[in-house]
Structure formats: C-alpha cells, structure tokens
Amino acid sequence: MAFLNELDSKRLLAEEGFEVTMPEVVSNLEEAKRAAERIGYPVVVKVFSNRIVHKSDVGGVVVGIEDEAALKRSYSEVLLRAREIDPEAKVCIQKCVPKGVELVVGIHTDESFGKVMMFGIGGVFVELLKDVSFRLVPIGEEDAVEMIEEIKAKALLDGFRGLPAVDKGALSRFLVKVSDVAQGKGIVQMDLNPVIAYGDRFVVVDARVLL
Ligand code: ADP
Ligand code: MG
C-alpha cells in the first residue's frame, strides 16, 4: 500500500470527473514563475514531499500569491522550512481559488466494517472540531442528505458571512460520487480536505489517496 502524493491523488480524482486544483511541481524559481504565469495569478505555493503530511503545520502552504515578487518570497520561505524536515522536499504551484465553504470528505477502511465515509466541515481545524458524520460505503442520496443534516455546524452551509450557500442536492450527489469512486480501483483511504464549495460546485484543493 502506498499513499499517492497530492499530484497523483488529484490526477485520479480528475479522471473520475472531480474538479481539482492541479499542482505543478517545480524544481527552481524560474520554473515556479513559468508555472504561475501558465496557471494565472493568484496562486498557492505548497510544499511537495512524501514526508510532510500536514503541510500548513510546518508553514508549507502560502495562499493568495498575487504577483511574481510574492511568489519569489513564498517559494524560498516554503522551501527553506520544508528542507529542514525533508532535504528532498520540492514545491508545487496551483491556482488559488476564492474563499468558499471548506468541507472535508474522507474514506477509510475499517477492519471489521469495511469502507466508511466521513463528511464534515473541513479545513485545518477538522481534528479540533470533530464535527463529522459517518456512513458505510456505498451510500445513496438519502444517506448523503442525513450525513449533511447530522453536522452541528450545518448552518455554515446556508450562507455565512457572505459566503455563497451550498446547494445541498448537489452536495449529496457529490458525496455519492465519492462513495462510488471509493468502491473501486483498490482505494483504501481518501482524504479530501478541504473540498471548497461554491453553490453547486465543489473544488478539491487538497487530496491524499491510499491505494
Ligand atoms: P494541509 O492540510 O496539508 O495543511 P492544504 O493543502 O489543505 O494543506 O492547505 C491548507 C489550507 O490552505 C486549506 O485548508 C485551504 O484553506 C487553503 N488552500 C490550500 N490549497 C488552496 C487552493 N488551491 N486555493 C485556495 N486555498 C487553498
Ligand atoms: Mg488539507
């Protein structure tokens, strides 16, 4: 079993029809600049390393990079911090998507129950808030609706502080689709955190898949 890195995890998801922010792995600042030009500002600089799982905990994620000067600063900062942990760490560039409601969707394989799906409010505070619901895979749309209703902070989905409301029908179908994908391809674990919601659109900005 092996965890796919962010790039390969997102490739798998993109092949299944999910919208992702595809990272471009770069080896130096010139490549970083070219990647950012291609992708279009604003971009995100992220550490790319098999040994760093919680990237933002080590200062390995800089969002909202608007120009080349900021890119240059962030590139060096992220690389410097990352190399202290993993001398082979690289950096990747991806599109920075606007603020939206951050969701978490996870799949893990339980020894006695089999595949289990988790859904909740996502982002970097997931472990702290523990506001999530679980169902056995495969789920249907009714299960998905229940999973959404079970979240304590579900009011966040109705439009909060100017963020667009999340279309719950579309979210249910999104969860069913993750469940369908999780059933195949020898998938053992999937961490999609966060998936950023814009109404009926869901963009996976961080992903880690275990095959
Ligand atoms: P980790 O979970 O390893 O700390 P993430 O890739 O999830 O790292 O990034 C941390 C946070 O940065 C996310 O929760 C999200 O708020 C933000 N973020 C990450 N990638 C993007 C992106 N492409 N666009 C906008 N925000 C992002
Ligand atoms: Mg994450």
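So, here's what we can say about the structure. What you see is a predicted model; the values in this text were computed from it and never measured. (Residues numbered from 1 in each chain as written. Chains lettered and ligands numbered in written order. Predicted model: local features only at pLDDT ≥ 70, side-chain atom pairs only at ≥ 80, totals over all residues. Heavy atoms only, no water.)

Structural notes on the overall build of the chain
Across its full length, the chain holds six helices and twelve strands. The globule rule puts the C-alpha radius of gyration for 211 residues at 17 Å, and the 17 Å found for the chain is close to it. Here the C-alpha coordinates of the chain stretch approximately 50 × 40 × 30 Å along the principal axes. Relative to its 211 residues, the chain shows a buried fraction of 46%. In the chain, 61% of the contacts between residues at least 6 apart in sequence involve partners at least 24 apart. Carbon and sulfur atoms make up 53% of the accessible area of the chain, which amounts to about 10700 Å² in all. Taking the average location of the 27 positive side-chain charges in the chain and that of its 34 negative ones, the two points are 4 Å from each other. (Helix = DSSP H or I, 4+ residues; strand = E, 2+ residues; numbered from the N terminus. Rg over C-alpha atoms; globule rule 2.2 N^0.38 Å. Buried < 20%, exposed > 50% of the residue type's maximum accessible area, 1.4 Å probe, protein only. Contact = heavy atoms within 4.5 Å. Areas by Shrake-Rupley, 256 points an atom, 1.4 Å probe, with all protein chains shown as cover. Lys, Arg positive; Asp, Glu negative; His and termini not counted. Charge placed at Lys NZ, Arg CZ, Asp CG, Glu CD.)

Considering the environment of Leu7
Here Leu7 lies in helix 1 (residues 6-15). A C-alpha to C-alpha distance of 14 Å links Leu7 and Ala89, two positions 82 residues apart in sequence. With residues near it in sequence (within four places) discarded, Leu7 still touches Met22, Pro23, Val25 and Phe48.

Some words on the coordination of the magnesium ion (ligand 2)
Octahedral metals with six donors have ideal donor angles of 90 or 180 degrees. Tetrahedral metals with four donors have an ideal donor angle of 109.5 degrees. Here the magnesium ion (ligand 2) is held by Asn193 (O) and Asp206 (OD), and the distances to it run 2.1 to 2.2 Å. Separated by 13 residues along the polypeptide, Asn193 in strand 10 (residues 189-198) and Asp206 in the loop between strand 11 (201-204) and strand 12 (207-210) bring together distant segments of the chain. The exposure classification of Asn193 matches that of Asp206, with both residues buried. (Donors = N, O, S within 2.8 Å, 3.2 Å for Na, K, Ca; no water.)

Section: the side chain of Ser9
In this structure, Ser9 sits in helix 1. Polar contacts involving the side chain of Ser9 include one to the main-chain carbonyl oxygen of Asn5, which spans 2.8 Å. Once residues lying within four places of it in the same chain are set aside, the contact partners of Ser9 are Leu4, Ala207, Arg208 and Val209. (Polar contact = N/O pair within 3.5 Å; in protein donor to acceptor, adjacent residues only side chain to side chain.)

Considerations on the site of ligand 1
Taken together, 20 residues lie around ligand 1, and Lys46, Lys55, Ser56, Lys95 and Glu102 are the ones closest in. Contact between ligand 1 and Val53: an oxygen atom at 3.3 Å from a main-chain N or O atom of the residue. Contact with the protein chains covers 89% of the free accessible surface of ligand 1, which is 540 Å². (Near = heavy atom within 4 Å.)

Topic: the sheet that holds strand 5 (residues 61-65)
The strand order across the open sheet formed by four strands is 3-6-4-5, and the pairing between neighbours is antiparallel. In the strand order of this sheet, the two ends are held by strand 3 (24-26) and strand 5, each with one partner. Between one strand axis and the next, the sheet turns through 25 degrees on average, direction left out of account. Where helix 1 meets the sheet, it contacts strand 3, strand 4 (43-48) and strand 6 (90-95), and its direction lies at approximately 120 degrees from that of strand 4. Packing of helix 2 (residues 29-39) onto the sheet brings it into contact with strand 3, strand 4 and strand 6, and relative to strand 3 it is tilted by some 160 degrees. (Pairing = 2+ DSSP bridges. Axes fitted to C-alpha atoms, helices over the stretch in contact; angles between N-to-C directions.)

Some details on the nonpolar core
Counting 37 residues, the largest nonpolar core has Leu103, Leu171, Phe174, Leu175 and Met190 as its most contacted members. Here this core gets eight residues from one element, more than from any other, and that element is helix 6 (residues 168-183). The next biggest cluster of nonpolar side chains, apart from the first, holds 19 residues, and it includes Val26, Ala36, Ile52 and Ile93. (Core = buried A, V, L, I, M, F, W, Y, C linked by side-chain atoms within 4.5 Å.)

Examining the environment of Ile121
Topologically, Ile121 is positioned in strand 8 (residues 114-121). Along the backbone, Ile121 and Glu102 are 19 residues apart, and their C-alpha atoms lie at a distance of 6.1 Å. When residues no more than four places from it in sequence are discounted, the contact partners of Ile121 are Glu102, Leu103, Val104, Val126, Asp131, Ile151, Ala153, Leu156 and Leu157.

Regarding helix 6
Taking 1.5 Å as the rise per residue, helix 6 with 16 residues should run 22 Å; its terminal C-alpha atoms sit 23 Å apart, in good agreement. Tucked inside the fold, the buried residues of helix 6 contact strand 7 (101-110), strand 8, helix 5 (141-149), strand 10 and strand 11. Measuring from the side-chain oxygen of the N-cap residue of helix 6 to the backbone nitrogen of Gly169 gives 3.0 Å; that N-cap residue is Asp167. (Expected span 1.5 Å × (residues − 1).)

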